[in-house]
Each structure stands twice: as structure tokens, then as C-alpha cells.
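Structural features, examined
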Amino acid sequence: PGTRSTAPRVRIRPTRPAGREADVRTRLVNLRVPVEDAGGGGPDTRPADILIEDGRIASITAPSERPREADEARTDLADQLVVPGTIDGHVHFDDPGFTHRENFETGTASAAAGGVTCVVDMPCTSLPPVTSRANLEAKLEVIESKAHVDFMLWGGVSANALADPAWIRNLEDLVDEGVAAIKVYMLSGMDTFRDLSRSEIRDVLNQTRRLGIPVGVHAEDRELVREITERLMAEGRDGPLDYAASRPAAGETRAVETLRELCRETGARVHVVHVGSRDALDVIVAARDEGLGLSGETCPQYLEFTEDDLAAQGALLKTAPVVKSDSDRTRLWEGVSTGAIQHVATDHAAGEWPAEKSTGSIWSDYGGIPGVELLLPYLYSEGYRRGRIGLARMTELLAAAPAAFFGIESRKGRLAAGQDADLAIIDEDAYWTVRAAEMHNLNRYTPLEGRTLAGRVTATYVRGTCVFVREPDGAESFGPAGYGRRVRRETKVVT
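1. Some remarks on the overall build of the chain
Across its full length, the chain holds 14 helices and 19 strands. Its C-alpha atoms give the chain a radius of gyration of 22 Å, near enough to 23 Å, the size a compact globule of 495 residues would have. Taken along the three principal axes of its C-alpha coordinates, the chain extends 75 × 50 × 45 Å. Relative to its 495 residues, the chain shows a buried fraction of 61%. Of the contacts made within the chain by residues no fewer than 6 positions apart, 76% connect residues no fewer than 24 positions apart. Of the roughly 18000 Å² that the chain leaves accessible, carbon and sulfur atoms contribute 47%. Considering the chain, the positive charge centre built from 59 side chains and the negative charge centre built from 76 side chains are found 2 Å apart.

Structure below.
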């Protein structure tokens with residue numbers, strides 16, 4: 001179910017020099033775009049032309065028979081669907097420091113191949129972690145020349161960072177530098193980015209409320225998980241379901257209940273990353289009904305798989321939090337449909353394949369899976385095409401909602417005049433089979449191996465430039481590494 005590649009599998013064909021916007025007017029014709037409000041049984045797409053100027057959408061109009069103007073390039077999309085480029089708000093591209101697992105070039109190439117036009121990279125899985133301005137600048141120096149798509153960076157506060165008397169100044173610096181949001185852990189397995197106690201999280205939230213930036217939280221109860229894990233390991237239990245038992249739904253629920261209390265105390269904006277539990281989601285819904293600034297995201301693995309799949313696939317499907325029951329999965333799909341889930345991200349976190357997924361013990365096997373390339377294809381196929389969500393809701397989950405959360409809604413997340421021309425082109429008639437060997441990230445494995453999906457991304461545009469093309473014969477081309485730009489948070493959270 002996976003391979004590891006150290007070299008590109010397709011020929012890289014630059015479309016324009018890195019860092020330049022499209023230098024002519026581009027008109028995309030013979031396409032369809034989502035209808036924002038398709039209620040009442042009407043069609044959910046409409047025919048359109050899209051005019052791109054200076055990397056932004058100049059207009060979206062009804063199809064026109066007007067002749068091509070002298071300064072205008074025209075591309076016929078053969079009645080394909082155009083949706084806003086996906087924003088994956090939760091990726092671990094491991095660069096610098098852990099590049100045996102992933103790097104920014106392979107990660108962003110994989111994003112481009114899946115219609116993702118902006119990724120938001122976590123602060124914890126690089127060395128040094130992004131907990132200060134100096135660390136952020138060190139990371140940027142390494143990754144900026146590698147990006148195929150636009151990117152944002154999370155900042156973070158760990159127990160390690162709190163040991164520095166200047167931690168508040170460091171946090172202020174990160175906010176000044178335009179980080180997307182601040183990440184903390186209630187349970188961490190990383191020595192370089194340790195988890196925080198309840199009182200420490202309260203201290204961080206008091207500062208982030210003042211600074212107007214949201215906090216994303218890995219929400220599992222530390223004491224409960226560690227107590228169960230130690231007991232199971234002492235008993236010699238070492239199967240996939242033993243790992244699942246060590247991270248019960250109660251651990252998520254208890255942690256989210258703590259966050260609800262901290263929202264009441266501080267007035268901060270808090271976001272629960274990778275929600276996997278129905279009860280945890282219900283706590284989030286209750287908090288929002290109370291008027292608190294608590295929200296959550298989920299990931300495709302929690303919408304698709306259960307503990308039965310974990311038992312069958314073993315460490316290949318090991319994640320934290322763990323996949324849970326069918327009733328949890330059903331409730332999460334309901335949340336995706338109704339708005340209880342704010343947006344969907346991947347938690348893309350590839351381990352070194354196969355070594356880190358086959359250590360001989362479920363406890364030491366790496367916990368994480370790649371996913372950025374499959375986010376849009378999965379939600380289009382298993383969400384929209386299966387009738388679980390409408391097309392407009394899909395684009396909200398994958399583009400508009402994350403753009404608003406990360407404070408970049410003035411430039412990204414919608415098909416509208418003035419927005420960056422970040423576009424994903426989908427052939428709705430295509431059916432294809434997921435094969436890890438055909439993915440583009442560094443370590444290629446996936447629990448979706450062999451799954452047939454409806455609809456396939458055929459091209460991806462970032463700021464008006466085509467950065468990925470999949471030809472009808474299967475040939476693939478990428479734009480140059482380094483074209484992607486760093487995006488800074490623009491808006492503050494109002495509390």
C-alpha cells in the first residue's frame with residue numbers, strides 16, 4: 001500500500017518563471033462554477049467564463065461568444081467544473097528537521113496535484129519549532145524556494161517555549177509576523193514541543209485573546225490517555241485495538257469540555273483540530289450555542305474509517321486521535337453537513353515508509369498518514385457525489401471557511417472578482433482508483449489504497465498561473481518550485 005520516492009515521478013515542466021503572476025489576461029471558457037444557493041431543487045452549477053488579470057479574478061460572467069482580444073490568452077476547459085482552490089489548514093511538511101518523512105517541495109507538489117492552492121503548515125514538526133520570530137525566519141529561509149503552492153505557517157506555544165521568560169514577547173512577534181494561528185497540545189508525544197497544563201493553556205489564551213488570534217488545540221486528556229497506555233503496555237497488549245483503547249472517545253470529550261470552560265474564562269477564540277468523536281463534537285455545538293468562540297475541524301480519516309478498519313490495516317491507519325466507531329463517523333458527517341464542523345483539513349503527517357510504520361510494536365509505530373493530495377477528491381466524491389453535502393457546502397468547507405478562520409478571506413477562498421485566481425479544475429466524468437505509488441508526496445502510503453473515487457483534478461491554478469496539469473493521457477506537469485508565496489494573516493479575531 002505504499003512506496004517511498006526520492007525523485008520526482010513526472011517531468012517538471014515550468015509554466016512561467018517562479019514568482020511571477022500571469023503576464024497576460026487569461027480567459028477560461030467553456031466551464032461551470034458552483035451555484036452559491038442551489039436550494040429549491042435547481043442546478044448546483046452554472047456555465048461561466050472567468051477572466052484573470054494580474055493573478056486575480058477580474059470577472060465571472062455568463063459564457064460569451066466575443067472574439068479573443070489581442071492581449072488575452074484563452075483556455076477552453078471542455079465543460080469541466082471549476083471550484084475555489086482548496087485550503088488545507090493542517091499539514092505537517094516536516095521541513096527543516098524531519099525531511100526523511102516529508103519536505104516542502106514534495107508536500108506542496110502533492111497539494112498542487114490534488115487541487116490544494118494554499119497549505120497551512122504546523123509549527124511543531126520542524127527544527128527548530130516555530131515558537132519565536134528567529135525560528136520562523138529560519139524555517140522560511142529553508143522552505144520558501146521549495147513551495148509549489150501558496151502557504152501559511154502556524155505559530156506555536158509549547159511547554160518548552162513557556163520556559164523562556166520572554167515567551168509573551170515571542171508570541172507577540174509571531175502575531176506581528178502574520179502567522180495563521182497558534183497551536184498548542186493538551187497531549188503531545190514530541191520532546192521538542194511538549195504539551196501544556198490547563199493553567200498554562202489559560203495563560204496562553206489570555207494573551208491570544210488580547211492579540212486577536214485564534215488557538216488550535218490538539219484535544220486529548222493527558223492523564224487519562226497516559227494512565228490507560230501505561231496499564232495496557234504493562235499487560236503486554238500490543239495490537240491496533242489496544243492502541244485504540246488507549247485513546248478513548250472520553251479522552252477527547254474530557255479535553256474539549258476543559259476547552260469550553262477555558263473559553264468561558266478567557267473569551268478567547270479556540271479551535272479543536274482533527275475532531276474524531278461525536279461526543280466531543282456535541283460539546284463544541286453546545287459551546288457555540290452558548291455564544292462561546294469554540295469550533296472544530298475534522299479529517300477524511302474520521303469520516304471514512306472506524307476501529308474495524310484500524311484492526312484490519314494496523315499501523316497503516318494509526319493516527320492521533322484514533323478513528324472510532326460507526327456512530328462517531330455518522331455524527332461527524334452530520335456535523336460536516338450542518339455546519340457544526342467548521343472546515344475539513346487533513347492532518348497530513350507522513351512517516352518514513354515502511355520503516356516507521358513497521359517497528360514491531362503498535363506503540364512505537366509512527367502515528368500519521370499523508371492526505372493533502374486526496375482532500376478535495378475525497379470530499380467531492382464521498383461527500384458531494386454521494387449526496388451527503390451540496391457543492392456549495394463543499395467549497396465552504398474546503399475554501400471559504402478556512403480562509404475566514406486564518407484571516408485571509410479578502411484574498412482567498414471564493415470565486416469572486418478581486419480574489420486570487422486560485423482554482424481547482426475537476427473532470428466530473430472521471431472515475432479513478434487511488435494508488436499510493438501514483439501520489440506525489442515523499443512517503444507514499446494511504447489507507448484509501450484501491451478506493452475508486454468519482455471526479456478527478458485535472459489542473460490547479462495559483463494566482464492565475466497553472467501549477468499542475470494532468471493530461472487526458474495521464475501525463476502530468478508541474479510548475480516550478482518556488483512559485484508559491486507565503487501568505488500572512490490579515491484580520492484579527494474580534495472578541
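2. Details of the pairing of strand E2 (residues 25-34)
In terms of burial, E2 is largely enclosed, as nine of its ten residues are buried. Here seven bridges tie E2 to strand E3 (residues 45-53), and the two strands are oriented antiparallel to one another. Looking at the pairing, Val33 lines up with Arg46 of E3.

3. Some words on the pairing of strand E7 (residues 116-121)
Both faces of the sheet carry side chains from a regular strand, because those side chains alternate between them. Judged by how many residues are buried, E7 sits mostly within the fold: six of six residues are covered. With four bridges joining them, strand E6 (residues 86-91) and E7 adopt parallel strand pairing. For Asp88, the partnering residue across the bridge sits in E7 and is Val119. The handedness of the E6 to E7 crossover, carried by helix H1 (residues 104-113), is right-handed. Across four bridges, the pairing between E7 and strand E8 (residues 150-153) is parallel. Paired with Val120 across the strands is Met152, a residue of E8. In this region the chain leaves E7, passes through helix H2 (residues 133-143) and returns to the parallel neighbour E8; the handedness of that crossover is right-handed.

4. Concerning the sheet that holds strand E9 (residues 155-156)
With parallel pairing, the six strands of this open sheet are ordered in space as E9-E10-E11-E12-E13-E14. The sheet is open, and its two borders are formed by E9 and strand E14 (343-344), each paired with just one other strand. Across four bridges, strand E10 (residues 182-185) lies against strand E11 (residues 215-218) in parallel orientation. Across the sheet, residue Tyr185 finds its bridge partner in E11, namely His218.

5. A closer look at the nonpolar core
Residues Val119, Leu259, Leu294, Leu379 and Met394 are the most contacted members of the largest nonpolar core, which totals 104 residues. Broken down by element, the residue count for this core peaks at six residues, all from helix H13 (residues 375-384). In this view, Leu259 contacts Met186, Val217, Ala219, Val270, Val272 and Leu294; residues no more than four positions away in its chain are not counted. In terms of nonpolar packing, the next biggest core, distinct from the first, is built from 17 residues, Val33, Ile50, Leu423 and Tyr461 among them.

6. Here we look at the packing of aromatic side chains
Counted according to the given criterion, the structure contains ten aromatic pairs. Each ring, one from Phe468 and one from Phe478, has its centre 5.0 Å from the other, and the planes form 55°; the classification is tilted. Residue Phe468 is located in strand E18 (residues 465-470), and its partner Phe478 is located in strand E19 (residues 476-478); the two are separated by ten residues in the primary sequence. Of the residues examined, Phe478 reaches a relative accessible area of 2% and is grouped as buried. Aromatic ring contacts, followed pair by pair, group Phe93, Phe104 and Phe151 into a single cluster. Between Arg456 and the ring centre of Trp432, over which it is positioned, the NZ or CZ distance is 4.1 Å. Above the ring of Tyr483, the side-chain terminus of Arg463 is found at 4.4 Å from the ring centroid.

7. Remarks on helix H9 (residues 278-289)
Counted at 1.5 Å a residue, the expected span for H9 with its twelve residues is 16 Å, and the 16 Å between its end C-alpha atoms agrees. Of the positions making up H9, those classed as buried are Ala280, Leu281, Val283, Ile284 and Ala287. The arc that holds every buried residue of H9, seen down its axis, measures 155°, which confines them to one face. Packing partners of the buried residues in H9 comprise helix H8 (249-266), strand E12 (270-272), strand E13 (294-298) and helix H12 (326-338). Taking the backbone nitrogen of Asp279 as reference, a side-chain oxygen 3.2 Å away marks Ser277 as the first, capping residue of H9. Positive backbone phi, at 90°, marks Gly291, one or two positions downstream of H9.

8. Some words on the sheet that holds E6
Pairing in this open sheet of three strands is parallel, and the strands run E6-E7-E8 from one edge to the other. Every other strand in the sheet has two partners, leaving E6 and E8 as the edge strands with one partner each. Shown here is a sheet whose adjacent strand axes are inclined to one another by a mean of 20°, direction ignored. Contacts from H1 reach E7 and E8, with the element oriented near 140° to E7.

9. A closer look at unusual backbone geometry
Across the junction of Asp95 and Pro96, the peptide omega takes the value 0°, indicating a cis bond. By the element assignment, Pro96 lies in the loop between E6 and H1. Of note, the bond from Ala320 into Pro321 is cis; its omega dihedral lies within 30 degrees of zero at 0°. Within the secondary structure layout, Pro321 lies in the loop between helix H11 (307-313) and H12. With phi around 55°, Ala78 is a residue other than glycine that occupies positive phi space. Residue placement: Ala78 occurs in strand E5 (residues 72-84). Assessed through its relative accessible area of 53%, Ala78 is described here as exposed. Even without being a glycine, Asp79 presents a positive backbone phi close to 65°. In this structure, Asp79 sits in strand E5.

Criteria and thresholds
Residues numbered from 1 in each chain as written. Predicted model: local features only at pLDDT ≥ 70, side-chain atom pairs only at ≥ 80, totals over all residues. Heavy atoms only, no water. Helix = DSSP H or I, 4+ residues; strand = E, 2+ residues; numbered from the N terminus. Rg over C-alpha atoms; globule rule 2.2 N^0.38 Å. Buried < 20%, exposed > 50% of the residue type's maximum accessible area, 1.4 Å probe, protein only. Contact = heavy atoms within 4.5 Å. Areas by Shrake-Rupley, 256 points an atom, 1.4 Å probe, with all protein chains shown as cover. Lys, Arg positive; Asp, Glu negative; His and termini not counted. Charge placed at Lys NZ, Arg CZ, Asp CG, Glu CD. Pairing = 2+ DSSP bridges. Right-handed = clockwise from strand over helix to strand, strands pointing away. Core = buried A, V, L, I, M, F, W, Y, C linked by side-chain atoms within 4.5 Å. Phe/Tyr/Trp six-rings, centres within 6.5 Å; stacked < 30°, edge-to-face > 60°. Lys NZ or Arg CZ within 6 Å of the ring centre and 35° of its normal. Expected span 1.5 Å × (residues − 1). Arc of directions from axis to C-beta. Polar contact = N/O pair within 3.5 Å; in protein donor to acceptor, adjacent residues only side chain to side chain. Axes fitted to C-alpha atoms, helices over the stretch in contact; angles between N-to-C directions.

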